[in-house]
Every structure is written in structure tokens, then in C-alpha cells.
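Overview (structure and organization)
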Amino acid sequence: MSTLSLHAAPCGHTAAGGRAALLEVRGATKRFGATLALDDVSIAAHAGEIHCVLGENGAGKSSLGKVIAGLYRADAGVLVFDGAPVQFANPGQARAMGIAIVYQELSLVPDLSIRANFWLGSEGARLPLARVGRRRETPRVREVLAQLGVELDPETRVKDLPVTTQQLLEIGKALMHRPRLVVFDEPTAMLGAIEKQRFFSVLRTLRDNGIASLLITHHIDDVTAVGDRVTVMRNGRVVESFPMTGAIDAEHVLERLTGRRGAAAVRSPRTAPAAGESAVLEISGLPGRDDGGATVGVHRGGIVGLYGVVGCGAERVVRAAAGVQRARDFSMRLNGRPFGPATPAEALRAGISYLPAGRQANAVFPTRSIRENLMLSQLRRVSRLGFINRRRETSVALDQLRASAVKFADLDAGIDTLSGGNQQKVLLARAMAGASALLVLEEPTAGVDIDAKQQIHERIRAASRAGLAVLVLSSDLPETLALCDVVYTFFAGTVMDCHVAPAAGDHDAILADILGQRSAARPEQPRSQAAPTVNEWSLQAT
Ligand SMILES: Nc1ncnc2c1ncn2[C@@H]1O[C@H](COP(=O)(O)OP(=O)(O)OP(=O)(O)O)[C@@H](O)[C@H]1O
């Protein structure tokens, strides 16, 4: 059994203003077979501080978070909490000491109320008489909801709430036990620009209340928005740790993370489809802003993004194209023919491949190998007369994993041995390999590190240059702007506008669209030079 050795000196002071750390990890090492996930890692968390942990996929960030929260036991090293060495045999022990962890994936029980979810798993807390229990449990739930800044009836069923509210409630569940330290494992991976602001304000409230936060993230804008300190990890080691002083901006953080400047600025030239060119996928009958119907066209060689807050109506468009959901109040044509796949398999037969959002819930087969997860939709390609050609399968799989920058040791190891970002890359490689007409991507780079993200963007662009049509739904606005040739904005089920060849300068206008406002900041252009409106674009594009 692995143990943390307990030969630590009493907790010392850290460099952070000479204040004693709430938690110190000293020399933590964690091995999984041949993989050294943590290699002599030391890090400190302070009360009232937001400490961001950055690093490439597989760097060891989640392993570190799990050691701190008692999910993993380190093979060597010491945890010092509040000046005393501690050992956690399970997450319950860490929780009892005041350490909580929040994941990106939702874990609440949809059919239970907020109150029941918050109290779930609290030993001895549930009372046998429902009414008595409710009376005792509700005040604490209300306190936590107030901390989150949401006004909700504690008896509301979780499934009746938008996903973004559920994500906030995940934090609420962690706050129930009055933690002094919260580890956030990539909570912003699938949050849009608006939802992120809400999350940041919760983080600031925690900081104001003296709670320490360790924020594991790939987003540099998270760091610049709320970070007090940054630690960079690489290959299981801490390579750098520095405070976020006023002089440090996103460029600096990026440079210290990747060793180079301006990496985020790379962008390919893009073109609007020629007038009269017919769309591979045409979605018509969507409500448009000016009372008219709107049409979204995805052309051969084009990358089209849909952008809005969760529940804006863009999801149902994407899912209808992928055969996951029926198109009820709009219609679709694929290569000019009426189209309405009843299942993803039917969409796949028509040449449409789909990467859903929510890796754990919707896309990954967690008990299967990397090979099986990757080759699932490609068996025909590597089979003859109904038999899989194992050598060919291996060669195709290795090529695809390399092209997608997946960090792995053994093709036949379980996919759950990969870090989250590397799992995502496998799923994306699977989706890309399956498309012959249209590639439908939801959150293509959620949890993927900065370098790999650029490589993935380049692969998507290469696929589009080779003639594929691509439809993207990403909550990451910078990604949407960098990747897409055309972006349609959605608000409350309505297509608000169509931004052709969008750039960073369109950021504010897009945010105004998705909040249902016309942007005052948007320059008034003469009609003849203005970007086409939704309906004008539809006319041009179809
Ligand atoms: N349960 C496990 N079994 C085997 N190997 C594991 C396990 N968990 C993590 N690893 C390996 O440990 C290394 C560190 O993984 P970890 O998940 O900590 O990285 P990470 O920095 O969080 O990456 P990401 O940004 O992709 O989530 C990786 O090489 C990963 O494959």
C-alpha cells in the first residue's frame, strides 16, 4: 500500500509574502506502472488565494489534485495542512479536514432536489423523517446558494435547471462542508464567456471569504482574470511558480508556459463561400432576428461555428445534424436533398461524423482500450472479408494518434489510463477519421493544452481544405473566432447574426448578440459594406 512518509519538518513559511501556507505538498511522487505522473512535486496553497496550475496534457495536474483531495495516495512525499502533516486514506478524510474537489463533469443526481444533492453522502446527516430533515437541512443549503449568488428554491429538481446552473451547484455541493481549500479540476473547460464570468465571481467570493483555491486550467484568460499565483507543471514536475503581479499579462503567462511568444495569435486566412455555391448542409426555417426565418449553410471546405450561451438553441441544430435529436421546427438538406437522420448511425452512413460534448458521459468507453475507442467507427477500413487486419489496424491507429499529438504508452492500455486531455484527442481523432461529408464537433478541444489545441485546429483546417464541411459548437469564444470562417450567433432559439471571417475585434459584438442586445460598440457600416445579416447571408450562401 502506498503511503506518504511522515518525516516532515513543521510547516515552514512560503515565499508568498511570508504567510504560512494552508496546505503544502512536499516532494509528492506518484507512479502508475511505468508512468511517473508526479515526480517530486512541491506546491503551496494559501488562504484567500487563487493558485492556478497550468501545464500540458499529461503533466500531472489532475494527479496532484487527486492526491491533495485524498482520491490518490502518493507513493512518497508529505502533505502538510495547517502546519501539521496529514495522510488521507480516502476523500472523506480530506473533506473532514476541509479539502474539497470539484470536477468539470457533472455528478449531481438529476432526479433529486438541490437540497438532497447537497446533503447526499453526508454521513448521519439525513434524518429519517422527511419533513424534520428538510427543516434542518434547508438553512445550510440556502446559505450556500447565497454564496453562489443564485436565487433558487432548495426543493428544485436538479434536472429542471440549465446545465450551467448545475455546474455552479457542483461547487455548492463542495461548499456544504465549509472547505478551507477547494481544488477545481478544469471547471471552465466547457463554460462559455458569460458563464465563466459567473464562475469567476464565485471564485472571488471564496477568496474574499479566506478560502484557498487551486484552479487547474488550460485557459490563460482564467489566470489573468482571477489568478493570484501560477504554477507550471511539465512531465510530472513543477517547472515554475510565480505570483501574478500587475506586470504579468496573458502574453507573459503564455511565454512562461510554452517558452515562446504570440503562440495564440496563429490564424489561417479564410474565405466566405462563393455566391451561388451550394451548401453541403443547409438548415432552414430557424427563427431569425428580424422576424424572418434564418438559414445556416455549411459549405464544402468551410468551417462554420454556432455560438451562444447554454440553451440558446444552437445545440439542437448541431444534434439534429448528427442524428442525435430530431429536427422538429426547422428543416435540413444534405447536398440538396431533404435530410433528417433518426440516429447517429444513419448520419454516419451519410458521411457525417460527430464528436459530442461531455467526454465522460457521451463519448468515451471507459472500460475499453485506446485502440478500441479510436477504431470503433473505422473497423471497415481495416477489415477484409469481415476480419480485422490487426497489423493494418495498428498502423492506422498509431498514425492517427501521432497526428493528434496523443501522449500514450500502450495502444492496448485502457483509455482511462490517459489524462483527460489525451482522451479528448483520441475521441477527436475518431470523429475526424469517420467524416466524409460533414464533421460535427462539440467542444473539440475541451481540456486540451495550448500547443495541442493549435495542432488540432490545424488538423481541422487541413480537413476543411481537403473538402470537408465542418460545423463547430464551442463554448470557447477565442477558439470559435480563431477556427471558424463564419460564426452564427444564437439567443433564445433565434439566430441573431452571421459574422463572416470573424476576428478578435468581433468579440464584443458577438457577446452582445448572445445576450440578446445589439452592440453599441459595433461600428455602423454603410449598408453596402456591412457584413451580411442572417437573411442576406442565407441568400448569398444558398
Ligand atoms: N489511473 C491512471 N492509470 C494509469 N495512468 C494514469 C492514471 N491517471 C493518470 N495517469 C497518467 O499519469 C500522467 C499524468 O496524468 P494527469 O491526468 O495527472 O495529467 P493532467 O496534467 O491532468 O493532464 P490533462 O490536462 O490532460 O487532464 C499521464 O501520463 C496519465 O496517462
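The residue count restarts for each chain, going from 1 along the sequence in the order it is written. Reporting in this predicted model follows two pLDDT cut-offs: at least 70 for local features of residues, and 80 or more for side-chain atom pairs to be given and counted; totals over whole chains, interfaces and linings ignore these cut-offs and use all residues. Side-chain measures were taken over the full set of non-hydrogen atoms in the model, leaving aside hydrogen atoms and water.

- As named in an unreviewed UniProt entry, the chain is Sugar ABC transporter ATP-binding protein, taken from Verticiella sediminum.

**With respect to the overall build of the chain**
- Under the scheme used here, helices are H or I runs from DSSP no shorter than 4 residues and strands are E runs no shorter than 2 residues, and both carry numbers assigned from the N terminus. Counting its regular elements, the chain contains 18 helices and 22 strands.
- Per-residue accessibility, obtained with a 1.4 Å probe over protein chains only, is compared with the maximum for each type, and a residue is labelled buried under 20%, exposed over 50%, and partly exposed between these values. Here the chain, with 542 residues, has 53% of them falling under the buried criterion.
- The Shrake-Rupley method, run with a 1.4 Å probe sphere, supplies the accessible areas, and residue values consider only the shown protein chains as cover. When the accessible surface of the chain is totalled, it reaches about 23,700 Å², and 52% of it is carbon and sulfur.

**Overview of the pairing of strand 21 (residues 486-491)**
- Within strand 21, five of the six residues are buried, leaving the element largely enclosed by the surrounding structure.
- In this sheet, strand 21 lies alongside strand 13 (residues 303-307) in parallel orientation, the contact comprising four bridges. By the bridge assignment for strand 21, Tyr307 is matched with Thr489. Strands were regarded as paired on the criterion that DSSP finds at least two bridges between them.

**Side note on the pairing of strand 2 (residues 35-45)**
- Sheet topology places strand 1 (residues 23-32) next to strand 2; seven bridges connect them, and they run antiparallel. From the neighbouring strand, Lys30 faces strand 2, where its bridge partner is Leu38.

**Observations regarding the packing of helix 14 (residues 420-434) against helix 15 (residues 450-465)**
- Throughout, an axis means a line fitted to C-alpha atoms (over the contacting stretch in the case of helices), and angles, computed between N-to-C directions, take values from 0 to 180 degrees. Running from N to C, helix 14 and helix 15 cross one another at 5°; their axes reach a closest spacing of 12 Å. Comparing the axis directions of helix 14 and helix 15 gives the class roughly parallel. In contact with Lys425, Leu428, Ala429 and Met432 of helix 14, helix 15 contributes Ala452, Ile456, Arg459, Ile460 and Ala463.
- Nonpolar residues are Ala, Val, Leu, Ile, Met, Phe, Trp, Tyr, Cys and Pro. Charged residues are Asp, Glu, Lys and Arg, and all others, Gly as well, are polar. Considered class by class, the residues forming the contact of helix 14 with helix 15 number seven nonpolar, no polar and two charged. An angle below 35 degrees is read as roughly parallel, one above 145 as roughly antiparallel, one from 65 to 115 as roughly perpendicular, and any other as oblique. For this analysis, residues touch if any pair of their heavy atoms sits within 4.5 Å.

**Some remarks on the sheet that holds strand 5 (residues 84-86)**
- Read from one edge to the other, the open sheet built from four strands follows the order 2-1-4-5, with strand pairing classed as antiparallel. The open sheet is flanked by strand 2 and strand 5, the only strands paired with a single partner. Each neighbouring strand pair of the sheet contributes to a mean axis angle of 30°, computed without reference to strand direction.
- Against the sheet, helix 1 (residues 61-68) makes contact with strand 1, strand 2 and strand 4 (76-81), and its axis sits at roughly 60° relative to strand 2, the strand it touches most.

**Some points on the pattern of salt bridges**
- A carboxyl oxygen of Asp or Glu within 4 Å of a side-chain nitrogen of Lys or Arg is what we treat as a salt bridge. Within this structure, the stated rule accounts for 22 salt bridges.
- For Arg237, the salt bridge is made with Asp39, and the minimal N-O distance between the two is 2.9 Å. Highlighted residues: Arg237 in strand 10 (residues 237-243) and Asp39 in strand 2, separated in sequence by 198 residues.
- Take Arg237: its relative accessible area is 38%, and that puts it in the partly exposed class.
- A salt bridge links Arg371 to Asp412, with the nearest nitrogen and oxygen atoms 2.8 Å apart. Of this pair, Arg371 sits in helix 12 (residues 370-375) while Asp412 is found in the loop between helix 13 (390-403) and helix 14, placing the two residues 41 residues apart along the sequence.
- Taking the relative accessible area as the measure of exposure, Asp412 reaches 39% and is therefore partly exposed.
- Counted as one network, the salt bridges with shared partners bring together Arg371, Arg390, Glu393 and Asp412.

**Focus: the side chain of Lys425**
- Tracing the backbone shows Lys425 in helix 14.
- By the counting rule applied here, Lys and Arg register as positive and Asp and Glu as negative, while His and the ends of each chain are not counted. It is Asp449 that comes nearest to the buried, bridge-free Lys425 among opposite-charge side chains, at 4.3 Å.
- Dropping the residues within four chain positions of it, Lys425 is found in contact with Asn57, Ser404, Ala405, Val406, Val448, Asp449, Ala452 and Ile456.

**Topic: the site of the ligand**
- A cutoff of 4 Å decides nearness: a residue is near a molecule or strand if any of its heavy atoms lies inside that distance of it. The environment of the ligand is formed by 20 residues, the closest being Lys61, Ser63, Thr417, Ser419 and Gly421.
- Side-chain atoms alone can form a polar contact between residues adjacent in sequence; in general such a contact is a pair of N or O atoms within 3.5 Å, and within protein one must be able to donate a hydrogen while the other accepts it. Between the ligand and Thr417, the relevant distance is 2.5 Å, taken from an oxygen atom to a main-chain nitrogen or oxygen of the residue.
- Between the ligand and Ser419, the relevant distance is 2.7 Å, taken from an oxygen atom to a side-chain nitrogen or oxygen of the residue.
- When the free accessible area of the ligand is taken as 630 Å², the share hidden by the protein chains comes to 85%.
- Put simply, the parts of the chain that give the shell around the ligand at least two residues each are strand 2, helix 1 and helix 14.

**Description of the packing of helix 5 (residues 163-175) against helix 6 (residues 193-208)**
- Where helix 5 contacts helix 6, the two axes come as close as 10 Å, and the packing angle between them is 15°. Comparing their axes, helix 6 and helix 5 come out roughly parallel. Two packed elements cross with a definite hand, and for helix 5 against helix 6 that hand is right-handed. Of the residues in helix 6, those in contact with Thr164, Thr165, Leu168, Ile171 and Leu175 of helix 5 are Glu195, Arg198, Phe199, Val202 and Leu206.
- Residues that form the contact of helix 5 with helix 6 fall into these classes: six nonpolar, two polar and two charged. For any helix crossing, the convention is left-handed if the near helix is rotated counterclockwise from the far helix by under a right angle, and right-handed if that rotation is clockwise.

**Re a nonpolar patch on the surface**
- Grouping into patches uses exposed residues only, defined as over 30% relative accessible area, and leaves out salt-bridged ones; the cut-off is 9 Å for like charges and 5 Å for nonpolar side chains (Val, Leu, Ile, Met, Phe, Trp, Tyr). A surface patch of nonpolar side chains, about 200 Å² in accessible area, is lined by Leu106, Val163 and Val310.
- Tracing the sequence through the fold places Val163 in helix 5.
- The partly exposed category is assigned to Val163, whose relative accessible area is 36%.

**Let's talk about the sheet that holds strand 9 (residues 229-234)**
- Spatial ordering of the open sheet is given by 6-7-8-3-9-10, a layout of six strands whose pairing is mixed. Sheet topology places strand 6 (99-103) and strand 10 at the edges, where each strand pairs with a single neighbour. Going from strand to strand, the sheet's axes swing by 20° on average, the running direction of each strand aside.
- The sheet contact formed by strand 3 (residues 50-55) and strand 8 (residues 212-216) spans four bridges and is parallel. Among the inter-strand pairings, Cys52 is bridged to a residue of strand 8, identified as Leu215.

**Describing helix 8 (residues 250-258)**
- Listed as buried for helix 8 are Val253, Leu254, Leu257 and Thr258. Considered in projection along helix 8, the buried side chains sweep an arc of 110° and stay on one side of the axis.
- On its buried side, helix 8 packs onto strand 3, helix 7 (220-226), strand 9 and helix 15. Working definition: the arc comes from the directions between the helix axis and the C-beta atoms, pointing outward to the latter.

**Quick notes on the packing of aromatic side chains**
- Any Phe, Tyr or Trp ring, taking Trp's six-membered ring, that has another such ring centre within 6.5 Å forms a pair; planes under 30 degrees apart are called stacked, those over 60 apart edge-to-face, and the others tilted. Throughout the structure, instances matching the rule amount to three aromatic pairs.
- Consider the rings of Phe32 and Tyr72, whose centres lie 5.3 Å apart with planes at 70°: the pair is edge-to-face. With Phe32 in strand 1 and Tyr72 in the loop between helix 1 and strand 4, this residue pair connects regions lying 40 residues apart in the sequence.
- For Tyr72, a relative accessible area of 25% translates into the label partly exposed.
- Clustering of aromatic rings is evident, with ring pairs tying together Phe184, Phe199 and Phe200.

**Re the nonpolar core**
- Ile171 and Phe184 are the most contacted members of the largest nonpolar core, which totals 44 residues.
- Domain start and stop positions are those given by an automatic or database domain assignment. The residues that make up this core include at least three from each of domain 1 (1-98 + 179-263) and domain 2 (109-177).
- In terms of nonpolar packing, the next biggest core, distinct from the first, is built from 42 residues, Ile303, Met375, Ala452 and Leu511 among them. Here, nonpolar core means buried Ala, Val, Leu, Ile, Met, Phe, Trp, Tyr and Cys residues that are tied together by side-chain atoms lying within 4.5 Å of each other.

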